[in-house]
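Chain residues, written in single-letter form:
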Amino acid sequence: MDEQYDIIVLGTGLTECILSGIFSVEGKKVLHIDRNDYYGGESASLNLTQLFHKYRPEAAVPTDLGRERDYNIDLIPKFMMANGEIVRFLTHTDVTRYLEFKQIAGSFVYRDGKICKVPATEAEAVASPLMGIVEKRRLQKFLEFIQNWKEDDESTHDGVDIDKSTMIELYEKFGLEPGTQDFIGHAMALHLDDDYLKKSARETIDKIILYVASMARYGKSPYIYPLHGLGELPQSFARLSAIYGGTYMLDHPIDEIVYENGVAVGVKAGDQKATAKQIICDPSYAAEKVKATGKVVRAICLLKHPIPDTGDADSVQIVIPQNQIGRNHDVYVACVSSNHNVCPKDMYLAIASTIVETDDPEKEIQAGLDLMGPIHDKFIAISDLKEPVADGTADQVFISRSYDATSHFETVCDDVKNIYRRITGADLVLKQRPTQEQEQAELNA
């Protein structure tokens, strides 16, 4: 450890591992340390023993749950948008060579006390109970407007300036009912709350385009998921970093970040010290430099059946829009199964999550828990949402944000690009890494 590095990274969460991989590929000498004996930090996937150790350290692992090595239980419930930024990160760095993906079987939305499938085909849209025939026509016109929109062709703008018009004004222009607005804003654009209604329509339109493009990529649903759990993502970027010379140290707590004249110059662990020009870390390594902006409650549930009323789907995403249950933030339910190599056969893993609004967080996700049917066991976690108080340019400590309550990785990618810009002063341009086939061809040449 007693060496000079360009960058020291503390914590192996997804944000940190992506940055570690990118900087290693760019030729930086990177040291990557984690206090845990596993990869992933807050975005890890744990086996049964690790799960019980984290949430019930005094309890024995029940014998009726099957082999512990069959479990890869995500701490953070997120799916990947099939056309999203995280997929671009994976393909450009060719980290996909270390991963296998499976599509999530269905996307659902809670409406009037029951869950309905978000239509994935024209036939499903016609048959959907989500709205009446007249409202379906209005929605179709709205989606056609978005599909036909061209930035440089005013004839496609229909008199709307999407930068100046708010989203609520755009909904009103097409005469869309509140229930349809909920469906578009929360089940398609995947907004956490209704703040977006008063903002420029462009942001929501971009999110709808992403959802529709992701849905069109594979059909059925817009989401994909890595086999063996989300913990595979940080591990794969860590592997990329290691291939390009990155040094990894797991199960290695550090005592402090070392400063000289207010600027970070390295880290210290016992009598060992490593120096670097810049430090990247998650909020837990720099508690005095972050602020709490809220809390997220998550319930990790073990089920012995698929979620009811989903057509026995092996995996689903359910959005419960805030207005349907009298809240200020949506509740999400994500479910995966043995088909994703995350639990034994005939077991299902479901996680309900939301932003905390009251003094009784578990009650706030009850609407999500109620949709799951009988729950065999559940683990409740309440996490602070934290973000850095400064951008890191003064002290050269660049801190990531906590993983938020969104159901996808777009905000993680935004944070990666933001930290990269703060460190380098330049925008992140992903360089296409040669694929395995191209590398093999060069070796054979």
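Criteria and cut-off values
Each chain has its residues counted from 1, running along the sequence as written. This being a predicted model, a pLDDT of at least 70 is required before a residue's local features are given, and a value of 80 or more before pairs of side-chain atoms are given or counted; all residues contribute to the totals for chains, interfaces and linings. Computation of side-chain values: all heavy atoms of the structure, hydrogens and water removed. For helices the rule is a DSSP run of H or I covering at least 4 residues; for strands it is a run of E covering at least 2, with both sets numbered from the N terminus onward. For the radius of gyration, the atom set is restricted to C-alpha positions; the globular benchmark scales as 2.2 Å times the number of residues to the power 0.38. In this scheme, a residue with accessible area under 20% of its type's maximum is buried, one over 50% is exposed, and one in between is partly exposed, where area comes from a 1.4 Å probe on protein chains only. A 1.4 Å probe and the Shrake-Rupley method give the accessible areas. Residues count as covered only by the protein chains that appear here. Counted as positive: Lys and Arg. Counted as negative: Asp and Glu, with His and the chain ends omitted from the count. Taken as the charge centre is NZ of Lys, CZ of Arg, CG of Asp or CD of Glu, depending on the residue. To get an axis, fit a line to the C-alpha atoms, keeping to the stretch in contact for a helix; angles then go from 0 to 180 degrees between the N-to-C directions. For classification, angles of less than 35 degrees are called roughly parallel, those exceeding 145 degrees roughly antiparallel, those between 65 and 115 degrees roughly perpendicular, and all remaining angles oblique. The contact criterion used throughout is that any non-hydrogen atoms of two residues lie within 4.5 Å. Only Asp, Glu, Lys and Arg are considered charged in this grouping, and only Ala, Val, Leu, Ile, Met, Phe, Trp, Tyr, Cys and Pro are considered nonpolar; every other residue, Gly among them, is considered polar. By convention in these notes, a salt bridge is any Lys or Arg side-chain nitrogen within 4 Å of a carboxyl oxygen on Asp or Glu. Counted as a polar contact is a pair of N or O atoms within 3.5 Å, where, for protein atoms, one must be capable of donating a hydrogen and the other of accepting one, and residues adjacent in sequence contribute only when both atoms are in side chains. Strand pairing is assigned whenever DSSP identifies at least 2 bridges connecting the two strands.

**Q** Tell me about the overall build of the chain, and please be specific about residues and values.
**A** Counting its regular elements, the chain contains 13 helices and 19 strands. Whereas a compact globule of 445 residues would reach a radius of gyration of roughly 22 Å, the chain reaches 23 Å, a difference of no more than 12%. Considering only C-alpha atoms, the chain reaches an extent of 70 × 60 × 55 Å along its principal axes. For the chain, buried positions account for 55% of its 445 residues. Taken as a whole, the chain presents about 19600 Å² of accessible surface, with 48% of it coming from carbon and sulfur. Side-chain charges in the chain split into 47 positive and 69 negative, and the spacing between the mean points of these groups amounts to 1 Å.

**Q** So, the packing of helix 7 (residues 178-188) against helix 8 (residues 201-218): which residues are in play, and what are the values?
**A** Between two packed helices, both the angle of their axes relative to each other and the distance between the axes serve to describe the pair. In the contact formed by helix 7 and helix 8, the axes pass within 9 Å of each other and the chain directions differ by 70°. The angle between helix 7 and helix 8 falls in the class roughly perpendicular. Contact with helix 7, carried on its side by Ile184, Ala187 and Met188, involves Lys207, Ile208, Tyr211 and Val212 of helix 8 and no other residues of that element. Partitioning the contact of helix 7 with helix 8 into residue classes produces 6 nonpolar, no polar and 1 charged.

**Q** Which residues make up unusual backbone geometry, and what are the values?
**A** Of note, His228 is a non-glycine position whose phi angle comes to about 75°, a positive value. For His228, the position within the fold is in the loop between strand 9 (223-226) and helix 9 (232-243). For His228, a relative accessible area of 37% corresponds to the partly exposed category. One non-glycine residue, Asp251, adopts positive backbone phi at about 55°. Mapping Asp251 onto the fold places it in the loop between strand 10 (247-249) and strand 11 (256-260). For Asp251, a relative accessible area of 52% gives the class exposed.

**Q** Any chance you could break down the side chain of Asp415 for me, citing the residues and the numbers?
**A** Assignment of secondary structure puts Asp415 in helix 12 (residues 410-424). Although buried, Asp415 forms no salt bridge, and the nearest oppositely charged side chain, Arg422, lies 4.5 Å from it. From its side chain, Asp415 meets the backbone nitrogen of Arg401 in a polar contact 2.8 Å long. In this structure Asp415 touches Thr15, Ser400 and Arg401, once residues within four positions along its chain are discounted.

**Q** Lay out the side chain of Lys289 in plain terms, naming residues and giving numbers.
**A** Structurally, the position occupied by Lys289 is in the loop between strand 13 (272-281) and strand 14 (290-303). For Lys289, a relative accessible area of 19% gives the class buried. Reaching out from Lys289, the side chain makes a polar contact with the side chain of Asp395 at a distance of 2.7 Å. Ignoring anything within four residues of it in the chain, the contact list for Lys289 reads Tyr259, Pro388, Val389, Asp395, Val397 and Ile399.

**Q** Talk me through the environment of Asp6; I want residue IDs and the actual numbers.
**A** Locating Asp6 in the fold gives a position in strand 1 (residues 4-10). Residues within four places of Asp6 in sequence aside, it is in contact with Gly27, Lys28, Lys29, Ala276, Lys277 and Gln278. A distance of 3.2 Å separates polar atoms of two side chains, one belonging to Asp6 and the other to Lys277.

**Q** Let's hear about the sheet that holds strand 6 (residues 101-103): which residues, and what values?
**A** Pairing in this open sheet of 3 strands is antiparallel, and the strands run 5-9-6 from one edge to the other. Here the strands that pair on one side only, and so sit at the sheet edges, are strand 5 (80-81) and strand 6. The pairing of strand 5 with strand 9 spans 2 bridges and is classified as antiparallel. Across the sheet, Met80 pairs through a bridge with Ile224, a residue of strand 9.

**Q** Hey, could you go over the pattern of salt bridges for me, with residue numbers and the actual values?
**A** For the coordinates displayed, the defined rule picks out 22 salt bridges. Linking Asp395 and Lys289 is a salt bridge whose minimum nitrogen-to-oxygen distance equals 2.7 Å. Note that Asp395 is positioned in the loop between strand 18 (377-388) and strand 19 (397-399) and Lys289 in the loop between strand 13 and strand 14, a separation of 106 residues in sequence. This pair shows no difference in class: Asp395 is buried, exactly as Lys289 is. Among the salt bridges present, the one from Glu364 reaches Arg327, with a minimum N-O distance of 2.7 Å. On the criterion of sequence distance, the pair formed by Glu364 in helix 10 (residues 361-364) and Arg327 in the loop between strand 15 (316-320) and strand 16 (331-337) is long-range, its members being 37 residues apart. Exposure remark for Arg327: the relative accessible area of 11% places this residue in the buried category. Each of Glu85, Arg88 and Lys417 takes part in one network of salt bridges that share partners.

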